[in-house]
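Chain by chain, the residues run as shown.
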Amino acid sequence: KEGNPMKKIYTVFLMVLFLFILTPVHAKDTQNILITGKHLPYIMVASMQEDDSMDMYLIPTSLTLPLSQNPQQLRPLNQYDKQEEINRIREVIQQFFELSITNTVYLHMDTIQKDMGVAYNEQTFSDVKHMTAYFAKVVKQLKLSMIFHASDYLEDDLNISDYYAFYKIFHDGHPKIRYHYVNYLYIDPTVCYPLDNQFS
């Protein structure tokens, strides 16, 4: 039923997620959420702060990093299966950047495009501006009925209290977002190497 409050909270969560590529969750401890999806050029880590602001760390999928189990071996992030190996990606990023990750979100981009009729191409995800504009269009196509097929659009390990926090923040105002980028060197158009383990 459309009057179910839990379904309403989850719907708002979806809307906020697509619009902001994730909105801060108010929590006592910092919450760092890894976000990825097929065709997205970045693996993003949204760091939620106590004041409901957010630090967004953008990591190119073409970045080559040491394996978590064997630091002597290197592997580009775009060679991982973003869905099936999301926990391996999580381990690699945590270890190299010393950035603790508390949760993960995988977006099913093909299904989003198909069901919501918002097409994307190479330019769509060429930079943060185009990527944000794309998800703003997606939000306009969201319908309450899609709540029954939420798993078709995303996979996550967040809980109900997180969804409620998204709902509250969405209504209280727009969060302040600070973007951070990796310093890297391109070897060719598909592979790059980090210059250090810091973000600018």
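Scroll up for the structure.
Overview of the structure. Remember, it's a predicted structure, so these values are computed and weren't measured experimentally. (Residues numbered from 1 in each chain as written. Predicted model: local features only at pLDDT ≥ 70, side-chain atom pairs only at ≥ 80, totals over all residues. Heavy atoms only, no water.)

What helix α3 (residues 109-116) keeps buried is the set Met-109, Ile-112 and Met-116. Across the axial projection of α3, the buried residues extend over an arc of 60 degrees, all falling on one side. Gly-117 sits one or two positions beyond α3 and adopts a positive phi of about 65 degrees. (Buried < 20%, exposed > 50% of the residue type's maximum accessible area, 1.4 Å probe, protein only. Helix = DSSP H or I, 4+ residues; strand = E, 2+ residues; numbered from the N terminus. Arc of directions from axis to C-beta.)

This brings us to unusual backbone geometry. The phi torsion at His-39 lies on the positive side, around 80 degrees, for a residue other than glycine. You can call His-39 partly exposed: its relative accessible area is 43%.

Taking 1.5 Å per residue as the helical rise, helix α2 (residues 86-97) with its 12 residues ought to reach 16 Å, and the 16 Å between its terminal C-alpha atoms agrees with that figure. Regarding α2, the residues found buried are Ile-86, Ile-89, Arg-90, Val-92, Ile-93, Phe-96 and Phe-97. Buried residues of α2, viewed axially, fall in a sector of 165 degrees; they line one side. Two residues or fewer after α2 comes Glu-98, characterised by a positive phi angle close to 55 degrees. (Expected span 1.5 Å × (residues − 1).)

Here we take up the side chain of Gln-31. Looking at where Gln-31 falls in the secondary structure, it is placed in strand β1 (residues 31-37). At 2.8 Å, the side chain of Gln-31 and the side chain of Asn-103 are in polar contact. (Polar contact = N/O pair within 3.5 Å; in protein donor to acceptor, adjacent residues only side chain to side chain.)

Bringing the pattern of salt bridges into the picture now. Taken as a whole, this structure holds 4 salt bridges when the rule is applied. For Arg-178, the salt bridge is made with Asp-55, and the minimal N-O distance between the two is 2.8 Å. Of the two residues, Arg-178 is situated in strand β8 (residues 177-188) and Asp-55 in strand β3 (residues 54-60); the sequence distance between them amounts to 123 residues. For Arg-178, a relative accessible area of 27% gives the class partly exposed. Taking the relative accessible area as the measure of exposure, Asp-55 reaches 9% and is therefore buried. (Salt bridge = Lys/Arg side-chain N within 4 Å of Asp/Glu carboxyl O.)

This next bit is on the sheet that holds β8. Strands sit in the order β7-β6-β1-β2-β3-β8-β9 across an open sheet of 7 strands; the sheet is mixed. Only two strands of the sheet have a single neighbouring strand rather than two, namely β7 (154-156) and β9 (191-199). Strand-to-strand, the axes of this sheet are offset by a mean angle of 20 degrees, without reference to chain direction. One ladder, built from 5 bridges, connects β1 with strand β2 (residues 42-48); its direction is antiparallel. By the bridge assignment for β2, Ile-33 is matched with Ala-46. (Pairing = 2+ DSSP bridges. Axes fitted to C-alpha atoms, helices over the stretch in contact; angles between N-to-C directions.)

Using a probe with the size of a water molecule, rolled over the atoms, empty space left in the structure can be pinpointed. A volume near 190 Å³ is recorded for the largest pocket. Residue composition of the lining of the largest pocket, by class: 7 nonpolar, 5 polar and no charged. (1 Å grid on protein atoms, 1.4 Å probe; cavity = no way out; pocket = protein on both sides within 12 Å on 5 of 7 lines; lining within 4 Å. Points joined across faces, edges and corners; volume = space filled by probe spheres on them. Nonpolar A, V, L, I, M, F, W, Y, C, P; charged D, E, K, R; others polar.)

As a further point, take the pairing of strand β6 (residues 103-107). In terms of residue burial, β6 counts as a mostly covered element, since 5 of its 5 residues are buried. The alternating pattern of β6 places Asn-103, Val-105 and Leu-107 and Thr-104 and Tyr-106 on opposite faces, both of which are buried. As paired elements, β1 and β6 share 5 bridges and run parallel to each other. The residue of β6 that forms the bridge with Ile-35 is Val-105. As paired strands, β6 and β7 are joined by 3 bridges and run antiparallel to one another. Bridge assignment links Leu-107 to a residue of β7, and that residue is Leu-154.

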